[in-house]
Amino acid sequence: MRKLGLLVLGFISIISVAKAQVTPDATAAKADTNTAKTPGKTLDKIAAIVGNSPILLSDIELSYARYLVEGMQPNPVVKCQLLQSLLTQKLLAQQAIIDSIDVKDDDIDASVDRRMREMMQRAGGQDKLEAFLGRSVIQYKDEIRPDMKEQMIAQKMQSKITEKLNVTPQDVKDYYNKIPKDSLPSFNKEVEVGEIVFQPKLTKEEKEVYKEKAEELLARVKKGEDFGTLARLYSQDPQSAVEGGDLGFADRTTFVKEFTANAFKLKAGEISPVFETDFGFHFLQVIERRGEQVHVRHILITPAITQASLDRAKAKADSIYTLMLAHKKDLDFSAAANFYSDDKETKFNGGMMLNAENVQTRSTFIPTDKLDPKVALITDTMKVGSISKPDLFTGADGKKTYKILYLKSATDAHKANLVQDFPKLKDMAFDDKTTKVVNQWFDKRRKQTFIKIDPEYQSCDILKKWIAQPANTTAQAK
């Protein structure tokens, strides 16, 4: 699916429902005419019914609590949006039963574990999250699992609705011609930029001290010290360290190959030897095996980059730059990136960077305001087809690398047109077609399904389409 955040399921990603009581203090203050009234302390009330499926007020309250846990500002309008998403979810899930659509238990478990890790990280740890929820993480996982399953089934059902959609070149032209000329979208200056990345690499001798530290921690675990405590104190994986190194359940595609090899050859309770990946030196313990999924925790020790390793990376970058200038006809940028670059994401794409906001279409056209500021500064002075001298870059993760940049193309800011912007217009036409098809599906199902919404939420503008449908008086669900 592409930009389905524009569609009816767009808000489901923040829902984590459980039939349990939450603290009323989490609710926002007085609602206006476009919002539902702030619920009181009665949390077992039915907020809506779709077919034969009730939606409890506690469903909305706990979903709203999670919204607050994620750091969002209190906003009663959100409760209207949450109810709309739950109505949507129920309608899709009921159709999924008719169409025999289901999801695997392992996929549900992995999704629940991933959700809990995200929530614990945002809350500042397991203890703080449990205090906020008023229950243990294990209890909460059991509570949200049925609703997570329903969400996943609903998402799968929506995918089925749109799976056969496509747009032809004529569809794109028709879509473009229907846009009023004074309403055509404007596009900022865009560039296609390639990179050859030279990562500083430690020698075996330089890495030895970090391997020894990992070995020392492994020995302490084997002597009886608590794995989780040592992970919290020493592991350099910031996401899992606060959880005692716990990575939750995952399948074979989740981890890098060295990690996967160790995780899936051990039995529950066993601990691996120290091994190396691109992230550093690890050792892990298998907590539980469940089919093709494994629950592990680990400790990571990351080697620190030295000035000597940076100097070696620069020397290599300078050498390749000189070679490329001397052999322009025989060594094109794509081949050089494939052979010399250390960046696994771009080297097999001819060195070309992808637009991070349009990854699904693998677009290489990037608005200059979305580029790394230093990349934007350097490419702004380059001619199309040229390469830059090697320069030192610091990534968002703090890692330093040397890069040679290549400016493949540059397009000035302009109004949309079919010649320059056909790929973008194709995406827009597809999104427009998808939105229409999904909305038509929901309009039809709403009329065929018994839907009742409590008066407390009938003031929500976003729910007007769900109120007063013909089927609401027939109590017939299909």
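What you see is a predicted model; the values in this text were computed from it and never measured. (Residues numbered from 1 in each chain as written. Predicted model: local features only at pLDDT ≥ 70, side-chain atom pairs only at ≥ 80, totals over all residues. Heavy atoms only, no water.)

1. Here we look at the overall build of the chain
Looking only at helices and strands, one finds 14 helices and 13 strands in the chain. Out of the 478 residues in the chain, the part that is buried amounts to 47%. Split by element, the accessible area of the chain, about 25,000 Å² in all, is 52% carbon and sulfur. (Helix = DSSP H or I, 4+ residues; strand = E, 2+ residues; numbered from the N terminus. Buried < 20%, exposed > 50% of the residue type's maximum accessible area, 1.4 Å probe, protein only. Areas by Shrake-Rupley, 256 points an atom, 1.4 Å probe, with all protein chains shown as cover.)

2. Thoughts on the pairing of strand 7 (residues 280-290)
Taken together, the 3 bridges between strand 6 (residues 275-277) and strand 7 define a ladder with antiparallel strand orientation. For Phe275, the partnering residue across the bridge sits in strand 7 and is His282. What sits between strand 7 and strand 8 (residues 293-301) in their antiparallel hairpin is a turn of 2 residues, with Gly291 showing a positive phi close to 60°. (Pairing = 2+ DSSP bridges.)

3. A short note on helix 2 (residues 77-98)
An ideal rise of 1.5 Å per residue puts 32 Å on 22 residues; helix 2 measures up with 33 Å between its terminal C-alpha atoms. Most of helix 2 is tucked away: 18 of the 22 residues are buried. Within two residues after helix 2, Ser100 carries a phi angle of roughly 60°, on the positive side. (Expected span 1.5 Å × (residues − 1).)

4. Considerations on the pairing of strand 8
The buried fraction of strand 8 is high, at 8 of 9 residues. As judged from the 4 bridges shared by strand 5 (residues 246-250) and strand 8, these two strands associate in the antiparallel manner. When the sheet's bridge partners are listed, Phe249 is paired in strand 8 with His295. Examined bridge by bridge, strand 7 and strand 8 share 9 bridges and lie antiparallel to one another. Counted as the bridge partner of Phe283 is Ile299 from strand 8.

5. Considering the sheet that holds strand 1 (residues 46-50)
Backbone-to-backbone hydrogen bonds pair the strands of a sheet. The strands run either parallel or antiparallel. Pairing within the open sheet is antiparallel, and its 3 strands lie in the order 2-1-13. The sheet is open, and its two borders are formed by strand 2 (53-56) and strand 13 (451-453), each paired with just one other strand. Between one strand and the next, the sheet's axes are offset by a mean angle of 20°, whatever the strand orientation. Note that strand 1 and strand 2 share 4 bridges and pair antiparallel. Across the sheet, residue Ile49 finds its bridge partner in strand 2, namely Pro54. Here helix 1 (residues 57-69) sits on the sheet and contacts strand 1 and strand 2; the angle it forms with strand 2, its principal contact strand, is near 50°. Contacting strand 1, strand 2 and strand 13, helix 2 runs over the sheet at an angle of about 160° to strand 2. (Axes fitted to C-alpha atoms, helices over the stretch in contact; angles between N-to-C directions. Contact = heavy atoms within 4.5 Å.)

6. Section: the packing of aromatic side chains
A complete count under the given rule lists 8 aromatic pairs for this structure. With 5.7 Å between their ring centres and 75° between their planes, Phe259 and Phe275 make a pair best called edge-to-face. One end of the pair, Phe259, is in helix 10 (residues 257-263); the other, Phe275, is in strand 6, with 16 residues separating them in the sequence. Residue classification places Phe259 among the buried residues on the basis of a relative accessible area of 4%. Given the relative accessible area of 9%, Phe275 is considered buried. Ring plane angle 80° and centroid distance 5.0 Å describe the contact between Trp441 and Phe442, whose orientation is recorded as edge-to-face. The cationic tip of Lys403 hangs over the ring face of Phe393; the distance from NZ or CZ to the ring centre is 5.2 Å. The cationic tip of Arg446 hangs over the ring face of Trp466; the distance from NZ or CZ to the ring centre is 4.8 Å. (Phe/Tyr/Trp six-rings, centres within 6.5 Å; stacked < 30°, edge-to-face > 60°. Lys NZ or Arg CZ within 6 Å of the ring centre and 35° of its normal.)

7. Let's talk about the packing of helix 5 (residues 137-162) against helix 14 (residues 422-448)
At a closest axis distance of 10 Å, the pairing of helix 5 and helix 14 adopts a crossing angle of 115°. As for the relative orientation of helix 5 and helix 14, their crossing is right-handed in sense. Contact residues: helix 5 offers Met157, Gln158, Ile161 and Thr162, while helix 14 offers Thr434, Val437, Val438, Trp441 and Phe442. Residues that form the contact of helix 5 with helix 14 fall into these classes: 6 nonpolar, 3 polar and no charged. (Left-handed = near helix turned anticlockwise from the far one by under 90°. Nonpolar A, V, L, I, M, F, W, Y, C, P; charged D, E, K, R; others polar.)

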